[in-house]
Structure formats: C-alpha cells, structure tokens
Amino acid sequence: MSTPFVLVVGAGPSGLLLALLLGKKGIPVQLLEAADSLDDRPRATHYSPPAVYELRRAGILEHMEAEGSFIPNGACWRKLSGELITGVRAPGSTEPTATPMICLSLNKLTLVLQRQIRQLPHVEILYSHKVTGLGQDSDKAWVSVMTPDGVKTLHAQYIVGCDGANSQIRRSLFGDWEFPGFTWDQQIVATNIYYPFERHGFDWDSNFIIHPEHWYMAARISKDGLWRVTYGEVGGLTVDELKARQPEKFKAFLPGNPDPEDYKIVNFSPYKVHQRLAHRMRVGKFLLAADAAHLCNPFGGLGLTGGIVDVGGLHDCLSGIFFGQADESILDIYDEVRRAKYSDIVNPVSSNNIRLLFQQDPEKALEHSAFLKMCQQAETDRKVAAKLKEGMDALQYDFRQHYSR
Ligand SMILES: Cc1cc2nc3c(=O)[nH]c(=O)nc-3n(C[C@H](O)[C@H](O)[C@H](O)COP(=O)(O)OP(=O)(O)OC[C@H]3O[C@@H](n4cnc5c(N)ncnc54)[C@H](O)[C@@H]3O)c2cc1C
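As annotated in an unreviewed UniProt entry, the protein carries the name FAD-binding domain-containing protein and is attributed to Aspergillus pseudoustus.

Laid out in structure tokens, this is it:
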C-alpha cells in the first residue's frame, strides 16, 4: 500500500473498529499489530447502547448475532443470600425499537471485525509489526516499527494509537509514566464458569452482589450457560495465591455454596483496576483512543463502551477531513470533548462511589445509595427510567455538527 491516510496502531477492538469504519468509506488505512494474531483472551463482554450505536454503523450487528450475541434482560442488585434489592430492565430488552445493550465475548467481536475488514480493498492489517517510536512534521506523521523483515519507518497523514493500556504511542508522546490517575488497592478476578445460576433463582442476566467482603458480579455471557463471575480480592496477592483462594471464595459467595466439582472454570484472569486519563488525546497528527487514552473500572459501563464511542467519533472527524467537510481543528474538538466525558474517572471520590456501591452494608444499600434508589423508582416511574438512560447516552457526541459542509 502507498502512504495511507490513517495508520492505526493496535488491532484490539478499538483499532479494528476504527479501521473498519474508515475502510468502509474507501479511506486508505494501515493497521499495525505487535502480536502475530488477534488476542483471543475473553475480556469485555457487554456493550452499552452508545457502543451498540457505533457497532450498528459499522454494519456488524447481524454478524455478531451469528456469533451468538444476545440482548441481556437487565441488571439487578442482590444480597449475598440472593435476595433481590432492586433491578433495571436493560434498554431494548422489552421495547423492540430501543437500541439494546448487547452481550458477546470480546474475542468473538474482534473475529467479526477482522473478517469484515478483510473484505475491504483499502485496509491492510500487518501483524508482527511492533511500534517502537514516532515523529511528525507539518505534513505527515511516522512510526518506527519492528517487523519480521527488520526495522521500518511507516508514514501516514494521521496516526491513531489504539494500542491499549501500555500504549507506546501515548508513552512516546508524554513519557513512560505519564498517565494521570490512580490504581485501586483491591484487585478483581474475572472468571468464566459453567454453573447453573438459574437453578438458584438468578433469573436476571446480570447480578451485582453487595457485600463488604464477598462483593461480586455474575452475568450470563453466552446462550449455552457460560457466566462471567468477577469478584473483588485483596490487593498484593500473586496469581498462584489468588488461584489457591478461589475455591473457598466461590463456596462462600456463589448461590448454593458449591464445591469445585459443581462448576467448571474455563477462564481465570486477575486484573488491576486503573482509573487514568491521558494528558491529551491529540498531539499534532497523533491521536489516542480507547484504553490508550483512558482506563476505567469495568462496572459503570465506561470501559470498552467508552473506547468504542471514541472510535465512532474519531472516524467522523477523520472522514470529515478526508472528504473536505472539516478542517484539522475538528481534531482539537475530539480531544476536548472526549477527555471531558472522562474527566470524572480520575476523581477518587466518584471512583469510590462505585466501590461503596458494591461494598456497603446490603441491609442499608437502598437507603444509602441514591443510584440504587433511582433504579428502584425507575421500575414504576418512566421519567426516572429516562433519566437513568440519559446518564449512559451522555457518553455520545456527534462530531458531524462541526462539519463546514
Ligand atoms: C480480564 C478482563 C476483563 C475485562 N472485562 C471488561 C468488561 O466486562 N467490560 C469492559 O468494558 N471492559 C472490560 N475489560 C477491558 C477491555 O477489555 C478493554 O477496555 C479493551 O480491550 C480495550 O480495547 P483497546 O482496543 O483499546 O485495547 P486492547 O484490547 O488492549 O488492544 C490493544 C492492541 O494493541 C496492540 N499493541 C500494543 N502495543 C503495540 C505496539 N507497540 N505496536 C503495535 N501494536 C501494539 C496489542 O497487542 C493489542 O492487540 C476487561 C479487561 C480484562 C483484562
């Protein structure tokens, strides 16, 4: 390929989606990935309505459905005993015209994206291409890349870092340790397990269990009975220590207090929770999106959903420039708007609210949590339900309003 208009670094979900959205408009894109294939670890699973809007624009909802995606029926909060505190029905699970929340394992979503990209003549994916450095002048940007054929320099009009939490693009722009924010003291462990939750009365697809010690989330993530159980753990434990503690933890908190022979674990991934936001999401001809730009706990719907919304907006900005409908200043608006949407995540007080929501005294949860009270009211009050939905939709922003023609 001759010099592409956009070079995307990182073939995770955000980089693949950006390449697909741009490529479908006929814009030349090169996508560089350090690994020799897609990352097939099951990570994110749920895509909130603002993300689904972008996945629909990419034309992949039916392909996701073919891979087994489904619309969860909603989320509820329970005591450790399983007793229901309150719940909200997911948008789209009851009204067929609403944009739904969708569930599909990330490793299946990235396969769908890769398959669609391969049909596009203007998009090239280069695996085993690891970016190590960068530069730019007023006309173009470039990256140094380690490839199986040696070190190369690749150029483009714009370069987007979609290269995840340890983004080389972000580190080259701001410095290795410059990612403002903080990391939770506690860690979480994400597991995928087969266990008959329904037999224990878990008839909601997503369940958040409130408890000072045994707080966790149990969500159905496939049509064949696979569940994601993500639970809180003390910080500072090694993977081996976490694995050794897991049977006792499950016995203490899963409904039915099962022994290991009662369930089958197919994935076990401890992970640290970071709340961080890059200094800028645009520096000249370099842009950042998704985890490269911001990290958040996965419980409030701001994780990958926010990354997908970044990419949808950035695609509008870059295609506006490509087709002469916008000038480069639209990229400054991208930087300002997207960082403003995330400014709260680096605030320890708002992050603490998420922790407190899980770890409070379940007997007093409804009384103490304005959010849970709102969820309870939303069951019967349509105005409150609309307000809850507005909170999530606030992530979106239509950059096309800044097109000059
Ligand atoms: C166990 C686990 C569970 C999670 N659960 C949830 C959840 O329930 N909900 C949620 O919203 N989020 C969740 N997340 C987070 C979610 O998976 C991430 O937000 C998402 O993967 C970010 O996508 P991304 O494309 O920005 O980055 P990534 O998925 O990290 O992809 C970045 C890509 O860039 C490549 N790369 C890195 N450096 C270079 C380089 N120098 N040169 C070239 N390529 C490079 C990497 O190899 C990778 O393929 C979870 C994460 C984990 C680990």
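Read on for the rest.
Enquirer: I tried to follow the sheet that holds strand 8 (residues 130–136) on my own but got confused; where do I start?
Expert: Sheets are built from strands that pair by backbone hydrogen bonding, the pairs being arranged parallel or antiparallel. Taken together, the three strands give an open sheet; going across it, the order is 8-9-10, and neighbouring strands pair in antiparallel fashion. Edge positions in the sheet fall to strand 8 and strand 10 (150–156), since each of these pairs with one other strand and no more. Each adjacent strand pair in this sheet contributes to an overall mean axis angle of 25°, direction not counted.

Enquirer: I would appreciate a short explanation of the packing of helix 2 (residues 49–57) against helix 7 (residues 304–322) in the present structure.
Expert: Any two packed helices are characterised by how steeply their axes cross, that is the angle between the axes, and by the distance between the axes. Taken N-terminus to C-terminus, the directions of helix 2 and helix 7 make an angle of 45°; their axes are 8 Å apart at the nearest point. What the angle tells us is that helix 2 and helix 7 run oblique. The way helix 2 lies across helix 7 gives a crossing that is left-handed. Residues Pro 50, Ala 51, Glu 54 and Arg 57 of helix 2 touch helix 7, and the partners they reach there are Thr 305, Ile 308, Val 309, Val 311 and Gly 312. By residue class, the composition of the contact of helix 2 with helix 7 is five nonpolar, two polar and two charged.

Enquirer: What exactly am I supposed to notice about the pairing of strand 15 (residues 226–233) here?
Expert: In the case of a regular strand, side chains alternate between the two sheet surfaces. Most of strand 15 is tucked away, with six of its eight residues classed as buried. Where strand 12 (residues 181–194) lies against strand 15, eight bridges are found, and the strand directions are antiparallel. The residue bridging Thr 191 from the neighbouring strand is Val 229, located in strand 15. What sits between strand 14 (residues 216–220) and strand 15 in their antiparallel hairpin is a turn of five residues, with Gly 225 showing a positive phi close to 90°.

Enquirer: Just checking my understanding: could you explain helix 1 (residues 13–23) for this structure?
Expert: One turn of the α-helix equals 3.6 residues, which is why residues spaced by three or four share an orientation. For helix 1, the tally of buried residues reaches eleven of eleven residues, placing the bulk of the element in the interior. All buried positions along helix 1 are accounted for by Pro 13, Ser 14, Gly 15, Leu 16, Leu 17, Leu 18, Ala 19, Leu 20, Leu 21, Leu 22 and Gly 23.

Enquirer: How do you make sense of the pairing of strand 9 (residues 141–147) when you look at a structure like this?
Expert: Strand direction decides the pairing type here: strand 8 and strand 9, joined by six bridges, are antiparallel. Each residue of the ladder has a partner; that of Val 131, found in strand 9, is Val 145. Connecting strand 8 to the next strand, strand 9, in antiparallel fashion are four residues. Note: strand 9 against strand 10, seven bridges, orientation antiparallel. The residue bridging Val 145 from the neighbouring strand is Lys 152, located in strand 10. Taken together, strand 9 and the strand that follows it, strand 10, pair antiparallel across an intervening segment of two residues.

Enquirer: I keep staring at the packing of helix 7 against helix 8 (residues 329–342) and nothing clicks. Help me out?
Expert: Interhelical geometry of helix 7 versus helix 8 gives an angle of 170° and a closest axis separation of 10 Å. In terms of orientation, helix 7 lies roughly antiparallel with respect to helix 8. At the point where helix 7 passes helix 8, the crossing takes the right-handed sense. Residue-level contacts link Gly 306, Asp 310, Gly 313, Leu 314, Cys 317, Gly 320 and Ile 321 of helix 7 to Ile 330, Leu 331, Tyr 334, Arg 338 and Tyr 342 of helix 8. Here the residues of the contact of helix 7 with helix 8 sort into seven nonpolar, three polar and two charged.

Enquirer: Got a minute to help me understand the sheet that holds strand 13 (residues 206–209) in this structure?
Expert: Here we have eight strands laid out as an open sheet, ordered 5-4-13-14-15-12-16-19, and mixed in their pairing. Each edge of the open sheet is held by one strand with a lone partner, namely strand 5 (84–89) and strand 19 (294–295). Where strand 4 (residues 74–78) and strand 13 come together, four bridges link them in parallel fashion. Directly across from Arg 78, in strand 13, lies its bridge partner Ile 209. Where helix 11 (residues 370–378) meets the sheet, it contacts strand 4 and strand 5, and its direction lies at approximately 65° from that of strand 5.

Enquirer: Looking at this model, I keep getting lost on the site of the ligand. Mind explaining?
Expert: Around the ligand, a shell composed of 34 residues is seen, among which Gly 10, Gly 12, Gly 164, Ala 290 and Gly 303 lie nearest. The residue inventory of the shell around the ligand, partitioned by class, reads 16 nonpolar, twelve polar and six charged.

Enquirer: Is there a simple way to explain the nonpolar core in this structure?
Expert: Nonpolar side chains in soluble globular proteins tend to end up buried together. Judged by nonpolar contacts, the single largest core of 112 residues is most densely connected at Val 6, Val 8, Val 9, Leu 18, Ala 19, Val 160 and Ala 289. Looking at which element gives the most residues to this core, the answer is helix 7, with eight residues.

Enquirer: Would you take a moment to explain helix 2 for this structure?
Expert: Looking at helix 2, one finds that the buried residues are Pro 49, Pro 50, Ala 51, Val 52, Glu 54 and Leu 55. Elements in contact with the buried residues of helix 2: strand 3 (46–47), helix 3 (61–66), strand 6 (102–103), helix 7 and helix 12 (382–393). In the stretch just after helix 2, Gly 59 is the one whose phi turns positive, near 75°.

Enquirer: Would you mind going over unusual backbone geometry with me for this structure?
Expert: Trans peptide bonds make up most of the peptide bonds, and negative phi angles are found at most residues other than glycine. For Ser 128, which is not glycine, the phi torsion reads 55° and is therefore positive. Tracing the sequence through the fold places Ser 128 in the loop between strand 7 (123–126) and strand 8. Positive phi, close to 45°, is recorded for Asn 257, a residue that is not glycine. The residue Asn 257 is located in the loop between helix 6 (239–253) and strand 16 (264–277) in this model. What makes Asn 257 exposed here is the crowd of 11 C-beta atoms within 10 Å.

Enquirer: I keep staring at the environment of Gly 164 and nothing clicks. Help me out?
Expert: Within the secondary structure, Gly 164 sits in the loop between strand 11 (158–161) and helix 5 (168–174). Sequence spacing of Gly 164 and Ser 138 is 26 residues, and the spatial spacing of their C-alpha atoms is 26 Å. Excluding residues that lie within four positions of it along the chain, Gly 164 makes contacts with Gly 10, Gly 12, Asp 291 and Ala 292.

Parameters and conventions
Residues numbered from 1 in each chain as written. Predicted model: local features only at pLDDT ≥ 70, side-chain atom pairs only at ≥ 80, totals over all residues. Pairing = 2+ DSSP bridges. Helix = DSSP H or I, 4+ residues; strand = E, 2+ residues; numbered from the N terminus. Axes fitted to C-alpha atoms, helices over the stretch in contact; angles between N-to-C directions. Parallel < 35°, antiparallel > 145°, perpendicular 65-115°, else oblique. Left-handed = near helix turned anticlockwise from the far one by under 90°. Contact = placed C-beta atoms within 7 Å. Nonpolar A, V, L, I, M, F, W, Y, C, P; charged D, E, K, R; others polar. Buried ≥ 20, exposed ≤ 12 C-beta atoms within 10 Å, placed from the backbone. Near = placed C-beta within 6 Å. Core = buried A, V, L, I, M, F, W, Y, C linked by C-beta atoms within 7 Å.

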